[in-house]
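# Analysis of the macromolecular model
Residues per chain, in single letters:
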Amino acid sequence: MKKLLAMTAVAALTLSASVSAQEGKAVYDKACQVCHSMGVAGAPKAHDAAAWAPRLALGLDALVSTVKTGKGAMPPGGMCTDCTDEDYKNAIDYMSK
């Protein structure tokens, strides 16, 4: 019984570690930087606070919704096929500062 509990605890810890949100910079580097580094097709440039201000005024949830549905040249989900809402929020936070 103790062995079963120990194995269950290890499995739970392993699964919970892989479910955590990705860091904003990591998401940006793998999925966002292609367009947001240069402002391709009207995308707000990363780290351009003035470009991000009107978007942030809409609220983070609205921005995540826009990423998920796509906008202009940005396809639904952006270029991130495995991102969660939390991942998108982290990437937006990283790019907007």
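Further up the page is the structure itself.
Residues numbered from 1 in each chain as written. Predicted model: local features only at pLDDT ≥ 70, side-chain atom pairs only at ≥ 80, totals over all residues. Heavy atoms only, no water.

## Quick word on the state of the cysteines
Evaluated as defined, the whole model comprises one disulfide. For Cys80, the disulfide goes to Cys83, at an S-S distance of 1.8 Å. Here Cys80 and Cys83 share a disulfide; its torsion about the S-S bond, 85°, makes the bridge right-handed. Cys83 matches Cys80 in its accessibility class, with the two residues each being buried. In this structure Cys35 is a free cysteine whose sulfur lies 8.9 Å from that of Cys32, the closest cysteine sulfur available. (Disulfide = S-S within 2.5 Å. Buried < 20%, exposed > 50% of the residue type's maximum accessible area, 1.4 Å probe, protein only.)

## Some remarks on the packing of helix 2 (residues 24–36) against helix 5 (residues 85–95)
Packing of helix 2 against helix 5 brings their axes to within 9 Å, and their N-to-C directions diverge by 70°. Between helix 2 and helix 5, the angle falls in the class roughly perpendicular. In this structure, the crossing between helix 2 and helix 5 has a hand that is right-handed. Contact with helix 2, carried on its side by Gly24, Lys25, Val27, Tyr28, Cys32 and His36, involves Asp87, Asn90, Ala91, Tyr94 and Met95 of helix 5 and no other residues of that element. (Axes fitted to C-alpha atoms, helices over the stretch in contact; angles between N-to-C directions. Helix = DSSP H or I, 4+ residues; strand = E, 2+ residues; numbered from the N terminus. Parallel < 35°, antiparallel > 145°, perpendicular 65-115°, else oblique. Left-handed = near helix turned anticlockwise from the far one by under 90°. Contact = heavy atoms within 4.5 Å.)

## Re the environment of Val27
Of note, Val27 is situated in helix 2. In the structure, Val27 is positioned 64 residues away from Ala91 in sequence and 5.8 Å away in space, judged by C-alpha atoms. In contact with Val27, other than residues within four places in its own chain, are Gln22, Cys32, Cys83, Asp87 and Ala91.

## Structural notes on the pattern of salt bridges
If you walk through the whole model with that rule in mind, you get five salt bridges. The shortest N-O distance in the salt bridge between Asp93 and Lys97 comes to 3.0 Å. On the basis of relative accessibility, which here comes to 36%, the residue Asp93 falls in the partly exposed class. The class for Lys97 is exposed, based on a relative accessible area of 61%. (Salt bridge = Lys/Arg side-chain N within 4 Å of Asp/Glu carboxyl O.)

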